[in-house]
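# Understanding the architecture of this molecule
Residue strings, one per chain:
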Amino acid sequence: MAISNFKKKIAVFLSGEGSNLKNLYKFSKTKRSKFTIHLVISNKKNAKGILFSKSKKIKSYSIGKKMSVFEKNSLLLIREENIDIICLAGFMRILSKEFVQKCKIPIINIHPSLLPKYKGLHTHARAIKNKDQFSGCTAHHVTSKLDAGKIILQKKVKILKKDNEITLSKKILKVEHQIYPIALNKIC
Ligand code: GRF
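Reference entry: report on the structure contained in this document. Everything quoted here is computed from the prediction, not taken from an experiment. (Residues numbered from 1 in each chain as written. Predicted model: local features only at pLDDT ≥ 70, side-chain atom pairs only at ≥ 80, totals over all residues. Heavy atoms only, no water.)

### Observations regarding the environment of Ala89
As a reminder, the rule being used: Starting at the N terminus, helices and strands are each numbered in turn, a helix being any DSSP run of H or I of at least four residues and a strand any DSSP run of E of at least two. For every residue, the accessible area obtained with a 1.4 Å probe (protein chains only) is divided by the maximum for its type, and the residue is called buried under 20%, exposed over 50%, and partly exposed between those limits. It only takes one pair of heavy atoms within 4.5 Å for two residues to be counted as in contact.
Its location among the elements puts Ala89 in the loop between strand E4 (85–88) and helix H4 (97–103). Look at Ala89 and you get buried, because its relative accessible area is 4%. In the structure, Ala89 is positioned 76 residues away from Phe13 in sequence and 6.1 Å away in space, judged by C-alpha atoms. Those residues in contact with Ala89, other than ones at most four positions away along the chain, are Val12, Phe13, Leu14, Ser15, Asn20, Leu21 and Tyr180.

Here's what the structure looks like:
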């Protein structure tokens, strides 16, 4: 039997660029990966991440604007495709408590701050405004509470005096790419 048959089947939920998706996909093709990217679902029709997944022949869907419709259809796909783990990667919506409960498989996320600091949006601006010495990113389990699930991995990034929101977000994104596949492998 091929080794890939033992790998966990991952669904990625995204809303935009998809740089984390691209990075997870790249890692999934390496020997140390314990997962394959099997399904990609976007809540935005023209998300760049969806164009990438289509180009790699991954099953890809864009599902409506209404969250209730998104969740209902995603759940069907997750079950139909026997998905083992959901990875949120630049997914800019909050999943409902009902979805998280019904899913019954692990859901993980990558967040651009050192949780529990700066849950939600504008994490870089908030870290700079507060003159923090460090920021970073956190891979964590998703629960029905925003950015509050158990932490899997975290990595710090030094904030320099010359940093602004853009330079800091670029530095942190690089580190997101380092830790997300490792965090996912860890829970596979
Ligand atoms: C990343 O910082 C991610 O942590 C956040 O959205 C940003 C964009 O991610 N949630 P991607 O390039 O779409 O993967």
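### Topic: the site of the ligand
Note the threshold: One heavy atom suffices: a residue is near a molecule or strand as soon as one of its heavy atoms comes within 4 Å of it. Here a polar contact is taken to be a pair of N or O atoms separated by no more than 3.5 Å, where protein atoms must pair a possible hydrogen donor with a possible acceptor and residues adjacent in sequence count only if both atoms sit in side chains. For accessible areas, the Shrake-Rupley method is used with a probe of radius 1.4 Å. Any residue's cover is judged against the shown protein chains and nothing else. Under the scheme applied here, ten amino acids are nonpolar (Ala, Val, Leu, Ile, Met, Phe, Trp, Tyr, Cys and Pro), four are charged (Asp, Glu, Lys and Arg), and all others, including Gly, are polar.
Taken together, Glu17, Gly18, Ser19, Asn20, Gly90, Ile110, Pro112, Leu173 and Glu176 make up the full set of residues adjacent to the ligand. Ile110 is positioned such that a nitrogen or oxygen atom in its backbone is 3.3 Å from an oxygen atom of the ligand. Glu176 is positioned such that a nitrogen or oxygen atom in its side chain is 2.8 Å from an oxygen atom of the ligand. Its free accessible area being 360 Å², the ligand has 81% of it covered by the protein chains. Looking at the shell around the ligand, the elements with two or more residues in it are helix H1 (19–28) and helix H6 (165–187). In terms of residue class, the shell around the ligand is made up of 3 nonpolar, 4 polar and 2 charged.

### Brief notes about the side chain of Ser33
Its location among the elements puts Ser33 in the loop between H1 and strand E2 (35–42). Not counting the four nearest positions on each side in its chain, Ser33 is found in contact with Lys7, Phe27, Ser28 and Asn185.

### A word on the packing of H1 against H6
The following threshold applies: Under this scheme, a helix contributes an axis fitted over its contacting stretch, all axes are lines through C-alpha atoms, and angles between N-to-C directions fall in the 0 to 180 degree range. Here the word oblique covers every angle except those under 35 degrees (roughly parallel), over 145 (roughly antiparallel) and from 65 to 115 (roughly perpendicular). Rotating anticlockwise by less than a right angle from the far helix to the near helix defines a left-handed crossing, while the corresponding clockwise rotation defines a right-handed one.
At a closest axis distance of 9 Å, the pairing of H1 and H6 adopts a crossing angle of 50 degrees. Compared by their axis directions, H1 and H6 come out oblique. Here the hand of the crossing between H1 and H6 comes out right-handed. Residues Ser19, Asn20, Asn23, Leu24 and Phe27 of H1 form the contact with H6, whose own contacting residues are Leu173, Glu176, His177, Tyr180, Pro181, Ile182, Leu184 and Asn185. Its residues assigned to classes, the contact of H1 with H6 comprises 7 nonpolar, 5 polar and 1 charged.

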